Amino acid sequence: MTGTRAHWGSRLGFILAAAGSAVGLGNIWKFPYITGENGGGWFVLIYLICIALVGLPIMMAEIFIGRTTQLAPVGAFRALSRRGSPWVLTGWLGVVVAFVVLSYYSVVAGWAMHYTWLSITNAFAAHDQAAINELFGNVYVSPTVNLGWHVAFMAITIAIVLGGVQKGLERWVRILMPALFVLMLVMLGRAVTMEGFGRAVEFTFAPNAENLTAAGVLEALGHAFFTLSLGMGAMITYGSYLRRDDDLVATSVTVGVLDTVIALMACLILFPITFTFGMQEERTVGLIFMNMPLAFSQMPGGALWGVLFFALLTFAALTSGISLLEVAASYFIDERGWTRRRAALTCGIAILLLGIPSALSGGTRLFGEQFQSLTSNLGVNDGAGFNWFDFFDYLASNWMLPLGGLFIALFVAWRVGGAAREAGFKTGTRFGGLYWGWIQLLRYVVPIAVILVFLNAIGLLGFLDGT
Ligand code: PHE
């Protein structure tokens, strides 16, 4: 089987694809929002620690599993454990999570596409805040807008996955990722010249623990899973297209660093605009879809900046979307012997249907309440009840991804044979000396961290903040 397996054309191809999976709405849409909410500074530092001590070890574990077995998650766990062993369930969980996450991810990606279109048609010009808020309100509740763009996003995602590893995924990430990076740099160049830039840098990096709570710390940890695409087998799947002697350590670290750099750049693009136009940093669902259009409507050349920004957001979402669909499709290709065409189309259409309730979620409540529930998504319930979108998001980010990450860490640290594991880790890398530390992090630090996330999710850690 290994002999005929598709592989990346180059190591750069893998790095771009894995970074493409990691860099997405989580970096540009969510990270600045939770940074704003948690007061910047310390929160960012804690997030970086979470990435280094929890995220990176799990990423290496996932790529290790994929690269060793040359199989997608379900087959990979089966190959590395005994017959009938329950570890295979971790692979299954990943496939289920791929369906769940992509079904609502596609809806937000659809907003990014819609806003790209609105910028192209100069729809924000001469609008004031109230009009722009109303515009987002209308988008959010409109069945046609949400369904239409959801279908469009899924169609593009399916088309890319249909092309296969080299001609689909790799070819497109080679175009989209550099484009994304250039667009980010251009936007950053603009942000640097704005008067709010200094304040934005200070806000993002200066130590300020004022607004940081224990829940905020755990939010940083939980976000580390989502933003690095961990816990559901995306990195196992992408790792399975690596050659067995590709460098595990250097590639993982590169992907982690790229993801982090883009998240920080997003803060340094969004906050200067927010501060310069006197808007509030906490309102970040609004930051992207309300504040940014307002800023663009007031900036010279704003329509063009708007197109660039929302195109960038769309690209980021697309390279993540294809990794999600690839996890689902590769299961049917590896385990059921389906053709790629059949697998990509069937999974893609199933996800499209599963996403319909999320696409219609906006219409189920009044605007004020929806806005609140949306800003509290990926975190705690706002008390008004979840809609479908929030529910999927909550389930995946707070439970499924950390749970998957925990199992993957435990599996590699305690289950996979020590000698083979050590040899595998050290193959093709100059950083073999990190092996011992990697195992210790997987054995102890990751499990403790994930259990804390769970205790927080069920509200047991509230006493830390005196609530
Ligand atoms: N990492 C992506 C983001 O930050 C989301 C994602 C999660 C993609 C899980 C794949 C798997 O937007």
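What you are looking at is a predicted structure, and each value in this text was computed from that prediction instead of being measured.

S.K.: Describe the packing of aromatic side chains, with residues and values.
M.R.: For the coordinates displayed, the defined rule picks out 33 aromatic pairs. Ring plane angle 55° and centroid distance 4.8 Å describe the contact between Phe77 and Phe411, whose orientation is recorded as tilted. Taken together, the residues Phe77 in helix α4 (residues 73-80) and Phe411 in helix α18 (residues 388-415) connect sequence positions 334 residues apart. Residues Phe77 and Phe411 agree in their burial class; the two are buried. Their ring planes at 80° and their centres at 5.1 Å tell us that Phe203 and Phe271 sit as a pair that is edge-to-face. Separated by 68 residues along the polypeptide, Phe203 in helix α9 (residues 197-205) and Phe271 in helix α12 (residues 248-276) bring together distant segments of the chain. We classify Phe203 as buried; its relative accessible area is 13%. For Phe271, a relative accessible area of 0% puts it in the buried group. Three or more aromatic residues joined by ring pairs make a cluster, and in this case those are Trp111, Tyr115, Phe124, Phe136, Tyr140, Phe289, Phe296, Phe309 and Phe310. Sitting over the ring of Phe275, Arg199 keeps its end group 3.9 Å from the ring centre. One Lys or Arg, Arg342, reaches over the ring of Trp338 and ends 3.9 Å from the middle of that ring.

S.K.: Now, about the site of the ligand: what can you tell me, with residues and values included?
M.R.: The full set close to the ligand counts 14 residues, and Ala22, Gly26, Tyr105, Phe226 and Ser229 are the nearest of them. With respect to the ligand, the backbone of Thr227 contributes an N or O atom lying 3.1 Å from a nitrogen atom. Summarising the interface, the protein chains cover 100% of the accessible area of the ligand, which totals 320 Å² for the free molecule. More than half of the atoms belonging to the ligand lie within 2 Å of the grid points that define the largest cavity. Elements represented by at least two residues in the shell around the ligand include exactly α1 (11-22), α2 (25-37), α10 (214-227) and α14 (302-336). When grouped by side-chain class, the residues that make up the shell around the ligand number 6 nonpolar, 8 polar and no charged.

S.K.: Could you give me a rundown of the environment of Val416, with the residues and numbers involved?
M.R.: Within the secondary structure, Val416 sits in the loop between α18 and α19 (418-426). Residue Val416 is classed as buried on the basis of its relative accessible area, which comes to 9%. Residues Val416 and Phe136 lie 280 residues apart in sequence; the distance between their C-alpha atoms is 50 Å. Filtering out sequence-adjacent residues up to four positions away, Val416 remains in contact with Phe64, Leu80, Phe411 and Arg421.

S.K.: Quick one: what's the story with the confidence of the model for the protein chain, residue by residue and with numbers?
M.R.: Chain-level pLDDT for the protein chain is 87 on average; 91% of the residues reach the 70-or-more range. When mean pLDDT is taken per element in the protein chain, helix α15 (residues 340-354) scores highest with 97 and helix α17 (residues 367-375) scores lowest with 43. Within the model, the stretch residues 365-384 combines pLDDT values under 50 with 47 contacts to residues more than four positions away or in other chains.

S.K.: I'd like to hear about the pattern of salt bridges, residue by residue, with values.
M.R.: If charged atoms from side chains of opposite charge come close, those side chains can pair. Counting across every chain of the model gives 5 salt bridges. A salt bridge links Glu335 to Arg78, with the nearest nitrogen and oxygen atoms 2.6 Å apart. Residue Glu335 is located in helix α14, and its partner Arg78 is located in helix α4; the two are separated by 257 residues in the primary sequence. Owing to a relative accessible area of 26%, Glu335 belongs among the partly exposed residues under this scheme. Looking at Arg78, the relative accessible area reads 41%, which means it is partly exposed. In this structure, Lys426 and Glu422 form a salt bridge, with 2.7 Å as the shortest nitrogen-oxygen distance. Linking Lys426 with Glu422, this pair stays in helix α19, spanning 4 residues, or about one helical turn. Lys426 gets classed as partly exposed once you look at its relative accessible area, which sits at 36%.

S.K.: Describe a nonpolar patch on the surface, with residues and values.
M.R.: A surface patch of nonpolar side chains, amounting to about 890 Å² of accessible area, comprises Trp42, Leu45, Leu48, Ile49, Leu53, Trp414, Tyr444, Val445, Ile448 and Leu452. By residue number, the principal contributor to the nonpolar patch is helix α3 (residues 42-69), which donates 5 residues. Structurally, Tyr444 is set in helix α20 (residues 435-457).

S.K.: If you had to explain unusual backbone geometry to someone new, which residues and values would you point to?
M.R.: A positive phi angle, close to 55°, is found at Gln70, a residue other than glycine. Of note, Gln70 is situated in the loop between α3 and α4. In this model, Ser229 sits at a positive phi of 55°, which is unusual for a non-glycine residue. Tracing the sequence through the fold places Ser229 in the loop between α10 and α11 (234-239).

S.K.: An account of α12 is needed here, citing residue identities and associated values.
M.R.: Along its 29 residues, α12 runs 43 Å from first to last C-alpha, staying within 8% of the 42 Å computed at 1.5 Å per residue. With respect to burial, α12 is a largely interior element, 23 of its 29 residues being buried. Its side-chain oxygen at 3.0 Å from the backbone nitrogen of Val249, Asp247 defines the N-terminal cap of α12. In the stretch just after α12, Gly278 is the one whose phi turns positive, near 65°.

Reading guide: rules and limits
- Residues numbered from 1 in each chain as written.
- Predicted model: local features only at pLDDT ≥ 70, side-chain atom pairs only at ≥ 80, totals over all residues.
- Heavy atoms only, no water.
- Phe/Tyr/Trp six-rings, centres within 6.5 Å; stacked < 30°, edge-to-face > 60°.
- Helix = DSSP H or I, 4+ residues; strand = E, 2+ residues; numbered from the N terminus.
- Buried < 20%, exposed > 50% of the residue type's maximum accessible area, 1.4 Å probe, protein only.
- Lys NZ or Arg CZ within 6 Å of the ring centre and 35° of its normal.
- Near = heavy atom within 4 Å.
- Polar contact = N/O pair within 3.5 Å; in protein donor to acceptor, adjacent residues only side chain to side chain.
- Areas by Shrake-Rupley, 256 points an atom, 1.4 Å probe, with all protein chains shown as cover.
- 1 Å grid on protein atoms, 1.4 Å probe; cavity = no way out; pocket = protein on both sides within 12 Å on 5 of 7 lines; lining within 4 Å.
- Sits in = over half its atoms within 2 Å of the grid points.
- Nonpolar A, V, L, I, M, F, W, Y, C, P; charged D, E, K, R; others polar.
- Contact = heavy atoms within 4.5 Å.
- pLDDT = per-residue confidence, 0-100.
- Salt bridge = Lys/Arg side-chain N within 4 Å of Asp/Glu carboxyl O.
- Patch = residues over 30% accessible without salt bridge, like charges linked within 9 Å, V, L, I, M, F, W, Y side chains within 5 Å.
- Expected span 1.5 Å × (residues − 1).

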